[in-house]
Amino acid sequence: EPEVTQTPSHQVTQMGQEVILRCVPISNHLYFYWYRQILGQKVEFLVSFYNNEISEKSEIFDDQFSVERPDGSNFTLKIRSTKLEDSAMYFCASSVVQGAYEQYFGPGTRLTVT
Amino acid sequence: AQSVAQPEDQVNVAEGNPLTVKCTYSVSGNPYLFWYVQYPNRGLQFLLKYITGDNLVKGSYGFEAEFNKSQTSFHLKKPSALVSDSALYFCAVRDGGSGTYKYIFGTGTRLKVLA
């Protein structure tokens, strides 16, 4: 069964550094998403992406964040200058189309900012 | 504003007994409702969804959920729990009438099935 994959599984970085989290969505999916989960808290929506454009973003997704689909298979989330409060589990998801179709989630990347 | 509540942090149930994990929601438009399960070190796995139609929806691994519009609830159920069902369960809602495609998640309920 096709799966969303994410790399790395765990990333440790120092405050102020840039990080790039990588995701490979399911191959025939067209919509891509990033969510995050701070330890012990809810899973929160960050951004959705379609046709090489951001289609929706939350207030969390400020200028420090960016997303890109650099080629036909990868989908990346970049945090330009990490802060301690960016420490969280970041989940990538994809869906065939939007609407009533469910989103499929990857295993997550645990980001630790020290 | 959309919101989801999972009132129980943890549910304990004996193996073979029926289980219920509760979820209530609030949206301004039509609710699209989802249940996901998370096992340790794994991503969120889709279990089932309600979009429209029959209020009782069946999903993976023998799980089902009942949509109740008047109570704005979407409780997850299984007739006979297995130890392997022990995991973290998330309810999510999308407002089908608002033009947004983001999911709003509950805080999760840890299900522990005791042998």
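Quick note: structure is the one above.
Everything in this summary refers to the structure shown in the same document. Keep in mind the model is a prediction, meaning the values are calculated, not measured.

## Remarks on the overall build of chain A
Right, so step 1: Each helix and strand in chain A was counted, giving zero helices and 11 strands.
Right, so step 2: Along chain A, from the amino end to the carboxyl end, the secondary structure elements read β-β-β-β-β-β-β-β-β-β-β.
Right, so step 3: Overall, chain A is about 35 × 30 × 30 Å in size when its C-alpha atoms are taken along their principal axes.
Right, so step 4: For chain A, the proportion of its 114 residues judged to be buried stands at 46%.
Right, so step 5: Contacts in chain A between residues far apart in sequence, at least 24 positions, make up 55% of those at least 6 positions apart.
Right, so step 6: Accessible area of chain A: about 5,700 Å², with a carbon and sulfur share of 46%.
Right, so step 7: Within chain A, the 14 negative side-chain charges are centred at a point lying 4 Å from the centre of the 9 positive side-chain charges.

## What to know about the environment of B:Gln45
Right, so step 1: With respect to the helices and strands, the residue B:Gln45 is situated in strand E6 (residues 44–50).
Right, so step 2: Each C-alpha atom of the pair B:Gln45 and B:Ala81 lies 18 Å from the other, and the pair is 36 residues apart in sequence.

## Considering the packing of aromatic side chains
Right, so step 1: Summed over all chains, the structure comprises 21 aromatic pairs over all chains.
Right, so step 2: Ring geometry for A:Tyr35 and A:Phe105: centres 5.3 Å apart, planes at 50 degrees, overall tilted. Taken together, the residues span a long stretch of sequence, with A:Tyr35 in strand E4 (residues 31–37) and A:Phe105 in strand E10 (residues 104–105) at a distance of 70 residues.
Right, so step 3: Plain terms: the ring middles of B:Tyr103 and B:Phe105 are 6.0 Å apart, the flat faces sit at 55 degrees to each other, and that makes the pair tilted.
Right, so step 4: Residue classification places B:Phe105 among the buried positions, given a relative accessible area of 1%.
Right, so step 5: Feature note: the residues A:Tyr35, A:Phe45, A:Tyr104, A:Phe105, B:Phe34, B:Tyr36, B:Phe46, B:Phe90, B:Tyr103 and B:Phe105 constitute an aromatic cluster, connected by ring pairs.
Right, so step 6: Looking at B:Lys49, its charged tip hangs above the ring of A:Tyr101, at a distance of 5.5 Å from the centre.
Right, so step 7: In this structure, B:Lys78 packs its charged tip against the face of B:Phe63, placed 5.0 Å from the ring centre.

## Overview of the state of the cysteines
Right, so step 1: Throughout the structure, instances matching the rule amount to two disulfides over all chains.
Right, so step 2: The disulfide partner of A:Cys23 is A:Cys92, and the S-S distance across this bridge is 1.9 Å. When the S-S torsion is -65 degrees, as for the bridge of A:Cys23 with A:Cys92, the disulfide is left-handed. Of the two residues, A:Cys23 is situated in strand E3 (residues 19–24) and A:Cys92 in strand E9 (residues 88–95); the sequence distance between them amounts to 69 residues. No difference in accessibility class separates A:Cys23 from A:Cys92, as the two residues are buried.
Right, so step 3: One disulfide bridge connects B:Cys23 with B:Cys91, the sulfur atoms lying 2.0 Å from each other. Disulfide B:Cys23 to B:Cys91: torsion about the S-S bond roughly -65 degrees, handedness left-handed.

Scoring rules and cut-offs
Residues numbered from 1 in each chain as written. Chains lettered and ligands numbered in written order. Predicted model: local features only at pLDDT ≥ 70, side-chain atom pairs only at ≥ 80, totals over all residues. Heavy atoms only, no water. Helix = DSSP H or I, 4+ residues; strand = E, 2+ residues; numbered from the N terminus. Buried < 20%, exposed > 50% of the residue type's maximum accessible area, 1.4 Å probe, protein only. Contact = heavy atoms within 4.5 Å. Areas by Shrake-Rupley, 256 points an atom, 1.4 Å probe, with all protein chains shown as cover. Lys, Arg positive; Asp, Glu negative; His and termini not counted. Charge placed at Lys NZ, Arg CZ, Asp CG, Glu CD. Phe/Tyr/Trp six-rings, centres within 6.5 Å; stacked < 30°, edge-to-face > 60°. Lys NZ or Arg CZ within 6 Å of the ring centre and 35° of its normal. Disulfide = S-S within 2.5 Å.

Take it as geometry only, folks, not as evidence of what the structure does.
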